[in-house]
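Now for the letters of each chain:
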Amino acid sequence: RRRVAVIILSRNLPEAVDRLVRGIRRYDLDDTDVYVIEAGTDRDKLSEHHTTWANSPEVMREGLRLARGFNLGIRELINGGRLHEYDYLFLMRATVHFDGPVVSRLLDQLEEHPRVGIISPCGDTWPERELIGPDSLRYVWHINHHAWMLRRSFVDRIIDHQGTADDGPVFDGSNF
């Protein structure tokens, strides 16, 4: 059993979120829970799937960016006592689109490589594909800015339980 918390970060993109959630539910629903963080989204553009709406004046004006948005999603899991229900966290922007199972494919790769703590998919149309090649796996010094699958045991090692919204629990959100 491989439990996954999918955290989607969005701002005013309800159609993209709905398409992404439908795809995950179609291909990867088993043991997968989806959390949608709406960061600075106008009330009339909230996805029907949203679980958290960050709508302070600052966030409505500037958004949260990736680090602070994903920190918020992870903090919500921690505060709700749900983080340790999951073996993996899959963090992605609402603009990501997949035409098939992605969660299960990433999990298979992580299980084949038990020392890897974080992995990023590479879409067929992404420029990185030219460097990696088709149906290939590469270890690189950086990850893309679209989607990240994290092993929860890796998160447990790097998490800052005392951090503020800007400096934790996982990403440095102070460089806004």
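Remember, it's a predicted structure, so these values are computed and weren't measured experimentally. (Residues numbered from 1 in each chain as written. Predicted model: local features only at pLDDT ≥ 70, side-chain atom pairs only at ≥ 80, totals over all residues. Heavy atoms only, no water.)

Student: Lay out the layout of surface pockets in plain terms, naming residues and giving numbers.
Tutor: One number sums up the size of the second largest pocket: a volume of about 210 Å³. Contributions of two or more residues to the lining of the second largest pocket are made by strand E1 (4-10) and helix H3 (65-79). Here the residues of the lining of the second largest pocket sort into six nonpolar, three polar and four charged. (1 Å grid on protein atoms, 1.4 Å probe; cavity = no way out; pocket = protein on both sides within 12 Å on 5 of 7 lines; lining within 4 Å. Points joined across faces, edges and corners; volume = space filled by probe spheres on them. Helix = DSSP H or I, 4+ residues; strand = E, 2+ residues; numbered from the N terminus. Nonpolar A, V, L, I, M, F, W, Y, C, P; charged D, E, K, R; others polar.)

Student: How would you explain the packing of aromatic side chains if you had to name every residue and give the values?
Tutor: Enumeration over the complete set of coordinates arrives at three aromatic pairs. Ring geometry for tyrosine 35 and tyrosine 86: centres 6.2 Å apart, planes at 90°, overall edge-to-face. With a gap of 51 residues between them, tyrosine 35 in strand E2 (residues 32-39) and tyrosine 86 in the loop between H3 and strand E4 (88-93) connect regions that are remote in the sequence. For the pair tyrosine 35 and tyrosine 86, a shared accessibility class is recorded, and that class is buried. Measuring from centroid to centroid gives 6.5 Å for phenylalanine 90 and phenylalanine 98, while their planes differ by 35°, and the two rings are tilted. Here phenylalanine 98 falls in the buried class, since its relative accessible area comes to 17%. (Phe/Tyr/Trp six-rings, centres within 6.5 Å; stacked < 30°, edge-to-face > 60°. Buried < 20%, exposed > 50% of the residue type's maximum accessible area, 1.4 Å probe, protein only.)

Student: Residues and numbers for the environment of glutamate 76, please.
Tutor: Positionally, glutamate 76 belongs in helix H3. We classify glutamate 76 as partly exposed; its relative accessible area is 32%. Distance in space between the C-alpha atoms of glutamate 76 and tyrosine 35 is 9.6 Å, their sequence separation being 41 residues.

Student: Before we move on, can you summarise the sheet that holds strand E6 (residues 147-151) with the specific residues and values?
Tutor: The mixed open sheet is built from six strands, whose spatial order is E3-E2-E1-E4-E6-E5. Strands at the two margins of the open sheet, each flanked by one partner only, are strand E3 (50-54) and strand E5 (118-119). Most of the contacts of H3 go to E1, to which it runs at about 140°, and overall it touches E1, E2, E3, E4 and E6. (Pairing = 2+ DSSP bridges. Contact = heavy atoms within 4.5 Å. Axes fitted to C-alpha atoms, helices over the stretch in contact; angles between N-to-C directions.)

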